[in-house]
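Examining the three-dimensional arrangement
Single-letter residue listing:
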Amino acid sequence: MQLKQLQAFHAVAKSQSFSAAAALTDLSQPTLSRLIKQLEEEIGAELIDRYHRPLQLTAAGEFFYEKSLALLAELDTITAMTQRMAHPPKTLRIGFVPSVLYGLLPNIIGLLKRQLPDLEVQLKDISSYQQLEALKSGDIDVGFGRFAQQDTWVQQILLRHERYVVALPVTHPLAGVNDLRLPQLADNRLILYHQSHLNSTALGQETEPLLNLFDRYGVLPFATTTVSDLQVALGLVAAGEGITLVPDSLKTLRSEQIRYQTLLHEDATSPIYLNTLAEIAHPAYPTFLETIYQVYENKGITYRRK
Ligand code: BEZ
């Protein structure tokens, strides 16, 4: 079986037309037709039902299309990575979730630029689960996220666990109370903002992290509201619509309308992961990792060293 045959079949299957597939692939319609015929003969099954308009796949064609999609995507990834290995990028492109931007990211970039003054850095706001695809396609070289994810191409280093704090409206009865326990928060509307919740297929059926944490303490919030991001969640807290938990480094946001209180539970934390490709490292990566550790040392932050 040849790659060209597979590509011809996918182009026709996607566009449901030989003429559209010809425009897509730069191959003539007779060539596409010949390649697909050869493929069908090799497999010993008809893949395309040519009697319907638009063209349809046969049941065998549907099966073959679904199963071979991943194969072509894998080949794209391998090609992109090989190109990167041959021509290492000069710029370091860093993907990050917004919650790390309010914390140490500016310090880390500042120190990195002092260590490698000629290095160009680009920052890209991108969710934890999108970072995996962005690493594989070469859109980013490293990423900071907050979810553990499984992908054979990607290496994740757990940098540290950051404590959650409770964000409460200034007028809330618990606004002045330190060292809160989760059961004390049960009567509140909990604002959820983690993207895992909005895209459960990308991360498996993982439960929303805040609900998961409450559940570990046997607490079911009396109501929840789900929003698209953390800034919106804090906006709702400021407006008195509910409470939420955010990583400690965010506790300066909207400080006129929100009080942040510590939680007593030591395991009420949000992890910070550094995501990279498992087999290809950007030339600046070793210095970058050392810079992160250096910032932790300078600030006296407890972290995990790889
Ligand atoms: C941190 O807060 O640990 C952190 C933030 C941004 C990048 C890396 C680490």
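Conventions adopted
Residues numbered from 1 in each chain as written. Predicted model: local features only at pLDDT ≥ 70, side-chain atom pairs only at ≥ 80, totals over all residues. Heavy atoms only, no water. Near = heavy atom within 4 Å. Polar contact = N/O pair within 3.5 Å; in protein donor to acceptor, adjacent residues only side chain to side chain. Areas by Shrake-Rupley, 256 points an atom, 1.4 Å probe, with all protein chains shown as cover. 1 Å grid on protein atoms, 1.4 Å probe; cavity = no way out; pocket = protein on both sides within 12 Å on 5 of 7 lines; lining within 4 Å. Sits in = over half its atoms within 2 Å of the grid points. Nonpolar A, V, L, I, M, F, W, Y, C, P; charged D, E, K, R; others polar. Phe/Tyr/Trp six-rings, centres within 6.5 Å; stacked < 30°, edge-to-face > 60°. Helix = DSSP H or I, 4+ residues; strand = E, 2+ residues; numbered from the N terminus. Buried < 20%, exposed > 50% of the residue type's maximum accessible area, 1.4 Å probe, protein only. Domains from an automatic or database assignment. Contact = heavy atoms within 4.5 Å. Buried area = accessible area lost by both parts, 1.4 Å probe.

In the neighbourhood of the ligand, the contacting residues comprise Val100, Leu104, Leu105, Ile108, Phe144, Arg160, Ile272 and Tyr296. Between the ligand and Tyr296 there is a distance of 2.4 Å, counted from an oxygen atom to a side-chain nitrogen or oxygen. Contact with the protein chains covers 100% of the free accessible surface of the ligand, which is 260 Å². With respect to the detected pockets, the ligand is housed in the largest cavity. Residues belonging to the shell around the ligand are distributed by class as follows: 7 nonpolar, no polar and 1 charged.

Attention shifts here to the packing of aromatic side chains. Summed over the entire model, instances satisfying the criterion amount to 5 aromatic pairs. Ring centres 5.6 Å apart and planes at 50° place the aromatic pair Phe9 and Phe64 in the tilted group. In this pair, Phe9 is assigned in helix H1 (residues 3–15) and Phe64 in helix H4 (residues 59–86), connecting sequence segments 55 residues apart. We note that Phe9, like Phe64, is buried. Ring centres of Phe144 and Phe288 lie 5.8 Å apart, and the angle between their planes is 55°; this geometry places the pair in the tilted category. You can see Phe144 sitting in strand E5 (residues 142–145) and its partner Phe288 sitting in helix H11 (residues 285–299), a full 144 residues away along the chain. Under the relative-accessibility criterion, Phe144 is labelled buried at 4%. Pairwise contacts between aromatic rings join Phe9, Phe64 and Tyr65 into one cluster.

One frequent convention defines the size of an interface as the accessible area lost when the parts assemble. Each assigned domain of the chain is listed with its residue range as follows: domain 1 (3–86) and domain 2 (94–306). Between the C-alpha centres of domain 1 and domain 2 the distance comes to 41 Å. In this complex, domain 1 contributes 7 residues to the contact, which on the side of domain 2 involves 10 residues. Together domain 1 and domain 2 conceal approximately 720 Å² of surface at their shared face, both sides included; 68% is due to carbon and sulfur atoms.

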